[in-house]
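So you can see what is in the structure, the chains are spelled out below.
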Amino acid sequence: MEVLFSAMLATFIIGLSFGAGACMFTCIPTLGVMLLAQDIGAKETSLQTLRFNLGRLTAYALLAAVSGLVGASLVDLLDMSHANLIFAAMLLFSAVLLWRKGRVAGCSSSSQKKRLRAGLFGMGFAMGLRPCAPLAGVMAAAATTGSGAYGLLLGLSFGAGAIIIPQLVFGYGLGKAGSEIRSQLRGRQQQLARIGAS
């Protein structure tokens, strides 16, 4: 049990360092822009970010659990182009929902909100299916356990570490600073329009 706890702590720290670096910068073009495009307040920004991050956590846990179950890493079995297609489809789906939400102008139905939530979870899930070097290491460690349950715990601890920093930066940070950033962008847009008109 002590070995499992040590492995979970190690995968959590790996996830934490990965989430504070490469992973967060990968999320900026997708999640950051999506959150800034909406004027929804800090609480809803945090909830939307959480949905996205729970999708990632689910994918990490699933990949590690299956790796532990079959006793071999799935990295070689995953075709990167399939994961990219899933991610692109979920991104397009969420963009259409945001576009429709803007057209409806505030009177969005509960079914539209559910689709947006599913889109965010799906985007995070698809992003989590795109294995990176740290996740490949977690999957390899899970495979050596030969146990789906141990693999699941390793995947969950890695995912928990990987989502903490992005949740704070995107969920809390963009939620608090989003209105200021949007007003700055509107000001720059007006300046560019004046320059373009002259």
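This paragraph deals with the overall build of the protein. Within the protein, the regular secondary structure consists of seven helices and zero strands. Listing the helices and strands of the protein from first to last along the sequence gives α-α-α-α-α-α-α. The 198 residues of the protein split such that 39% are buried. Here the contacts in the protein between residues at least 6 apart in sequence split such that 84% fall between residues at least 24 apart.

Looking at the protein as a whole, its pLDDT mean stands at 78, while 78% of the residues score no less than 70. In the model, residues 103-108 has pLDDT below 50 throughout and makes three contacts with residues more than four positions away in sequence or in other chains.

Taking 1.5 Å per residue as the helical rise, helix α7 (residues 148-197) with its 50 residues ought to reach 74 Å, whereas the 63 Å between its terminal C-alpha atoms falls clearly short. Here α7 starts with a cap whose side-chain oxygen sits 3.3 Å from the backbone nitrogen of alanine 149, and that cap is serine 147.

Right, let's get into a nonpolar patch on the surface. Together, Leu47, Leu50, Leu54 and Phe121 make up a nonpolar patch on the protein surface, roughly 280 Å² of accessible area in all. Per element, the largest residue contribution to the nonpolar patch is three residues, and it comes from helix α3 (residues 41-70). Tracing the chain through its elements places leucine 50 in helix α3.

Two elements in contact, α3 and α7, have axes separated by 7 Å at closest approach and are oriented at 160 degrees. With respect to their mutual orientation, α3 and α7 come out roughly antiparallel. Like other packed secondary-structure pairs, α3 and α7 cross with a definite hand, here right-handed. The class makeup of the residues in the contact of α3 with α7 is 18 nonpolar, 13 polar and two charged.

Calculation criteria
Residues numbered from 1 in each chain as written. Predicted model: local features only at pLDDT ≥ 70, side-chain atom pairs only at ≥ 80, totals over all residues. Heavy atoms only, no water. Helix = DSSP H or I, 4+ residues; strand = E, 2+ residues; numbered from the N terminus. Buried < 20%, exposed > 50% of the residue type's maximum accessible area, 1.4 Å probe, protein only. Contact = heavy atoms within 4.5 Å. pLDDT = per-residue confidence, 0-100. Expected span 1.5 Å × (residues − 1). Polar contact = N/O pair within 3.5 Å; in protein donor to acceptor, adjacent residues only side chain to side chain. Patch = residues over 30% accessible without salt bridge, like charges linked within 9 Å, V, L, I, M, F, W, Y side chains within 5 Å. Areas by Shrake-Rupley, 256 points an atom, 1.4 Å probe, with all protein chains shown as cover. Salt bridge = Lys/Arg side-chain N within 4 Å of Asp/Glu carboxyl O. Axes fitted to C-alpha atoms, helices over the stretch in contact; angles between N-to-C directions. Parallel < 35°, antiparallel > 145°, perpendicular 65-115°, else oblique. Left-handed = near helix turned anticlockwise from the far one by under 90°. Nonpolar A, V, L, I, M, F, W, Y, C, P; charged D, E, K, R; others polar.

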